[in-house]
Structures are given as C-alpha cells and as structure tokens.
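Structural overview for review
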Amino acid sequence: MAPAAAFAFWVLPDLLLAYHMFAPQAQGLVRAHCRFSTIRREVWLTIDDGPDPEDTPRLLELFEAHGAKVTFFVIGENADRFPELVQAVVAAGHEVAHHTYTHPTKSFWCASPARVGWELDAGLAALRRAGVTPTRFRPPVGIKNLWLARALRVRGLTCVGWSARGRELWRGEVEVVAARATRGLVPGAILLLHEGPRVPAGIRIEAIRRVLDRLREQNYCCVVPEPEQLIE
Ligand SMILES: [Zn+2]
C-alpha cells in the first residue's frame, strides 16, 4: 500500500474521530449549539461547574445589578451538596442546566454507553431533587462521546457549546480573561465562564464582573435564548 493510501486508511479515520470528540465546535458526533439567532445586541452568558457556596450568591447579586439573565450549567454532585443554591438561581430568574453528575473531564470521551447514561440520569435526578427539570446539557470541556447523541435524545436534552470562552481555569488575569470571552463579540454569541474553586483565586467573580462591564460598554445585554433561536 502506498504511504498516502495507508495514511488515509489507517490514520485519517482516527484523526477525524478525535477531532469530532475533542474539538468543541465540531458537529460530527453531537449537534452542539454554539450561537443563537437574534437581531438585538444580546448574548447568552453561561456559567459552568457550580453551584458554589462562595461564588453563586455573589454572582446572583452581580447579575441582578446588571439586569443579566444567564444559564448555570451545574454539576450534579454540587447540586446535591447545595440544593438551596440551585433553588436560589431559579428564584432569581436564571436557568439551571445539566453539566454531568461528576464532571469526568479525563474519561468522558471514552465512557461506555452505561457510564454516559449514568452521568446523565444521576445529574437529572440531582437537579430534580432540587426542583429543576433541565432541558439543556453541556459536556465537560465540550468533549463529545460516541454514545452521547442518542443518550441526550432519549432524555430530551439539547447539547449546548459556546462561541467564546475565558479559558480562566488555565491562566488567570482579569483583563486577559475578559478580553478572550468577549473577542469578536457579535449578537447571538454564547460566552462560557466558570465559577468555583477551580478558578484561580485572584479572578473568581472578578473576571465575570469585567465581562459584564465590557458587555455594558458595548450595549450588549445578557439573555437566555428560546429553543428555536439556537443554531450551530
Ligand atoms: Zn465544566
């Protein structure tokens, strides 16, 4: 076999599969909504990995001061530990969505159908115990899985990605994170930021506060889009 043909036969399919598993914007395995349709200057701010007893109450105050409505993609384990925070998020008019039960960052790409189903069902049960029935799901770090599309479909969950993120878990400076999260800002953008102890201590809350300031400076408001507005 010629080297080019061997590469195409043996390696290319693996590369393609890896791309569709690990690239957050890839749509080959699961349709992930990464924008929404709007004619107004509005974006969808999404906060992952909570709820957190230190950050969530302060974020709720911050969002109220800015008149922002956002979606919290919460980890089921955290929802079980702090159900009152889940309820406070809902009471403040925000959306609570599903972000797996244990947030298995390293193993989600190769999780079995049973494990994927367990993560989804345990997360759904945790949120239901807190009084929420979520309709939207974001996989850990945007990683897809061969079994995820069907598992979401049978549970009535829509997969949501993002169009910009702060990447604040890796490197943290308020201005840098806020600039990343608002780079190339357009109506219908989906911004991803995090709360909780994985965020570097110096920028917890502050990076999100700076993002809200930047949005206000550019006359953008934060809304939670309707299902029919979501696009890829
Ligand atoms: Zn996460």
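Scroll up for the structure.
Since we're looking at a predicted model, the values are computed, not measured. (Residues numbered from 1 in each chain as written. Predicted model: local features only at pLDDT ≥ 70, side-chain atom pairs only at ≥ 80, totals over all residues. Heavy atoms only, no water.)

Glancing now at the packing of aromatic side chains. One pass over the full model with this rule turns up two aromatic pairs. Each ring, one from Phe63 and one from Phe72, has its centre 6.0 Å from the other, and the planes form 70°; the classification is edge-to-face. Phe72 matches Phe63 in its accessibility class, with the two residues each being buried. Relative to Trp118, the ring of Tyr101 has its centre 5.6 Å away and its plane inclined at 80°; by these criteria the two rings are edge-to-face. (Phe/Tyr/Trp six-rings, centres within 6.5 Å; stacked < 30°, edge-to-face > 60°. Buried < 20%, exposed > 50% of the residue type's maximum accessible area, 1.4 Å probe, protein only.)

A word on the coordination of the zinc ion. The coordination sphere of the zinc ion, as far as protein atoms go, consists of Asp49 (OD), His99 (NE2) and His103 (NE2), spread over 2.0 to 2.1 Å. Read in sequence order, the donor residues for the zinc ion give the motif D-x49-H-x3-H. Remark: His99 occurs in the loop between β4 (95-98) and α5 (113-129) and Asp49 occurs in the loop between β2 (42-48) and α2 (55-66); sequence separation between them is 50 residues. (Donors = N, O, S within 2.8 Å, 3.2 Å for Na, K, Ca; no water. Helix = DSSP H or I, 4+ residues; strand = E, 2+ residues; numbered from the N terminus.)

Right, let's get into unusual backbone geometry. The step from Gly50 to Pro51 runs through a cis peptide bond, and the omega angle for that step is -5°. Phi at Ile205 takes a positive value of approximately 70°, unusual for a residue other than glycine. For Asn219, which is not glycine, the phi torsion reads 60° and is therefore positive. Note on placement: Asn219 falls in the loop between α8 (206-217) and β9 (221-222). Residue classification places Asn219 among the exposed residues on the basis of a relative accessible area of 60%.

Let us now look at the environment of Asp80. Within the element layout of this structure, Asp80 appears in helix α3 (residues 76-81). Using a relative accessible area of 29% as the deciding quantity, one classes Asp80 as partly exposed. Each C-alpha atom, one on Asp80 and one on Asp121, is 13 Å from the other, the two residues being 41 residues apart in sequence. Those residues within four positions of Asp80 in sequence are excluded, and the remaining contacts are Tyr101, Ala126 and Arg129. Here Arg129 takes part through its side chain, which lies 3.0 Å from a polar atom of the side chain of Asp80. (Contact = heavy atoms within 4.5 Å. Polar contact = N/O pair within 3.5 Å; in protein donor to acceptor, adjacent residues only side chain to side chain.)

Right, let's talk about the nonpolar core for a bit. Counting residues in hydrophobic clusters, the biggest one holds 40 residues, and the most contacted among them are Leu45, Phe63, Phe72 and Leu191. Contributing elements (two or more residues each) for this core: β2, α2, β3 (71-74), α4 (83-91), α5, α7 (174-181), β8 (190-194) and α8. Here this core takes five residues from α8, the largest share from any one element. Contact partners of Leu191, with chain neighbours within four places excluded, come to Val43, Trp44, Leu45, Thr46, Ala164, Ala181, Leu185, Val211 and Leu215. With 13 residues, the next largest nonpolar core counts Ala32, Phe137, Ala151 and Cys159 among its residues. (Core = buried A, V, L, I, M, F, W, Y, C linked by side-chain atoms within 4.5 Å.)

What follows deals with α4. Those residues of α4 lying buried are Leu85, Val86 and Val89. Buried residues in α4, looked at end-on, bunch into an arc of 105°, giving them a common side. (Arc of directions from axis to C-beta.)

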